[in-house]
Amino acid sequence: MAVLMGEGLKRVVRQVALLNLGYFGVEFAVALSIGSVSLFADSVDFLEDASINLLIAVALGWSARNRARVGMALAGILLIPGLATLWTAWQKFMTPVAPDPLPLTLTGLGALAVNLSCAVMLTRYRHHSGSLTRAAFLSARNDAVANIAIIAAGLVTAFVWRSAWPDLIVGLAIAAMNADAAREVWTAARNERRTAEP
């Protein structure tokens, strides 16, 4: 049963990695073309999720102690999108131009569809292999929440407040959410390492 779960998880994380890598390209291109902080943050997050899931596929057969080490490294990786977002947000703050709300909203909808699909695929395995799969599940779940906020920012920019601020606020919230996910993964990895120690 454990072998079957391991094979199933390996197949799922590979599929999730490919979906994330594909949508990274889409979202990054749109973010650059419309100058969106939230889409930029989310696109870097897609790239990070692809990396996490590829690492999981490689590390699944490792011992609990080695998986815990990878989990701690993944906690650091989860902080990268937040740092990139802060830099992009600072640049946007200096030139506060509102992004085009239609591509912002439509790209957010596409991202939501991808992340919900990934979260559903990973739900079955979220307690399997400790901190590694927890990292993948938390990333997919948090990204779905972020995508709803991106869609809301697009709608607010289109119909309520034609400003760079809705996009900036959502981008900074995504950075904060990634920092919290990093903390959760670090805690899970540290606990897993303690359990594995004789």
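All values derive from a computational prediction rather than experimental measurement.

Caption draft 1: Quick look at the overall build of the protein. Counting secondary structure elements, the protein contains seven helices and zero strands. Counting helices and strands in the order they occur from the N terminus, the protein gives α-α-α-α-α-α-α. Taken over C-alpha atoms, the radius of gyration comes to 17 Å for the protein, in line with the 16 Å a tight globule of 198 residues would show. For the protein, the spread of C-alpha atoms along the three principal axes comes to 60 × 25 × 20 Å. Relative to its full complement of 198 residues, the protein shows a buried share of 51%. Residue pairs at least 24 apart in sequence account for 84% of intrachain contacts in the protein once pairs closer than 6 positions are excluded. When the accessible area of the protein is evaluated, it comes to approximately 9,300 Å², of which 70% is carbon and sulfur surface. Averaging the positions of the 16 positive and the 13 negative side-chain charges in the protein gives two centres separated by 10 Å.

Caption draft 2: Seen up close, the nonpolar core. Counting 30 residues, the largest nonpolar core has Val-13, Phe-46, Ile-52, Ile-56, Leu-78, Leu-122 and Val-185 as the members making the most contacts within it. Per-element tally for this core: the top contributor is helix H1 (residues 2–34), with six residues. Of all hydrophobic cores here, the second largest spans 13 residues; its members include Val-30, Ala-31, Phe-40 and Ala-146.

Caption draft 3: Focus on the packing of helix H2 (residues 37–59) against helix H5 (residues 101–123). Where H2 meets H5, the axes come as close as 11 Å, and the angle between the chain directions of the two elements is 25°. Looking at the two axes, H2 sits roughly parallel to H5. In the crossing of H2 with H5, the sense of the turn from one axis to the other is left-handed. For the pair formed by H2 and H5, the contact residues are Ser-38, Leu-39, Asp-42, Phe-46, Asp-49 and Asn-53 on the first element and Leu-104, Thr-107, Gly-108, Ala-111, Val-114, Asn-115 and Leu-122 on the second. A breakdown of the residues in the contact of H2 with H5 according to their chemical character gives six nonpolar, five polar and two charged.

Caption draft 4: Structural view of a nonpolar patch on the surface. Nonpolar side chains collect at one region of the surface, where Trp-87, Trp-90, Phe-93, Met-94, Leu-155, Val-156, Phe-159, Val-160, Trp-161, Trp-165 and Ile-169 lie side by side and expose about 1,300 Å² of accessible area between them. Contributions of two or more residues to the nonpolar patch are made by helix H4 (80–94), helix H6 (131–159) and helix H7 (165–196). In terms of residue count, H4 provides more of the nonpolar patch than any other element does, four residues in total. Within the secondary structure layout, Ile-169 lies in helix H7.

Caption draft 5: Spotlight on the packing of aromatic side chains. Applying the stated criterion across every chain yields a total of five aromatic pairs. Residues Trp-90 and Phe-93 carry aromatic rings whose centres are separated by 6.1 Å and whose planes lie at 25° to one another, so their mutual orientation is stacked. Within this pair, Trp-90 and its partner Phe-93 are both found in helix H4, separated by three residues, close to a single helical turn. On the accessibility criterion, Trp-90 (48% relative accessible area) is partly exposed. Put simply, the rings of Phe-24, Phe-28 and Phe-40 pair up and form one aromatic cluster.

Conventions we followed
- Residues numbered from 1 in each chain as written.
- Predicted model: local features only at pLDDT ≥ 70, side-chain atom pairs only at ≥ 80, totals over all residues.
- Heavy atoms only, no water.
- Helix = DSSP H or I, 4+ residues; strand = E, 2+ residues; numbered from the N terminus.
- Rg over C-alpha atoms; globule rule 2.2 N^0.38 Å.
- Buried < 20%, exposed > 50% of the residue type's maximum accessible area, 1.4 Å probe, protein only.
- Contact = heavy atoms within 4.5 Å.
- Areas by Shrake-Rupley, 256 points an atom, 1.4 Å probe, with all protein chains shown as cover.
- Lys, Arg positive; Asp, Glu negative; His and termini not counted.
- Charge placed at Lys NZ, Arg CZ, Asp CG, Glu CD.
- Core = buried A, V, L, I, M, F, W, Y, C linked by side-chain atoms within 4.5 Å.
- Axes fitted to C-alpha atoms, helices over the stretch in contact; angles between N-to-C directions.
- Parallel < 35°, antiparallel > 145°, perpendicular 65-115°, else oblique.
- Left-handed = near helix turned anticlockwise from the far one by under 90°.
- Nonpolar A, V, L, I, M, F, W, Y, C, P; charged D, E, K, R; others polar.
- Patch = residues over 30% accessible without salt bridge, like charges linked within 9 Å, V, L, I, M, F, W, Y side chains within 5 Å.
- Salt bridge = Lys/Arg side-chain N within 4 Å of Asp/Glu carboxyl O.
- Phe/Tyr/Trp six-rings, centres within 6.5 Å; stacked < 30°, edge-to-face > 60°.

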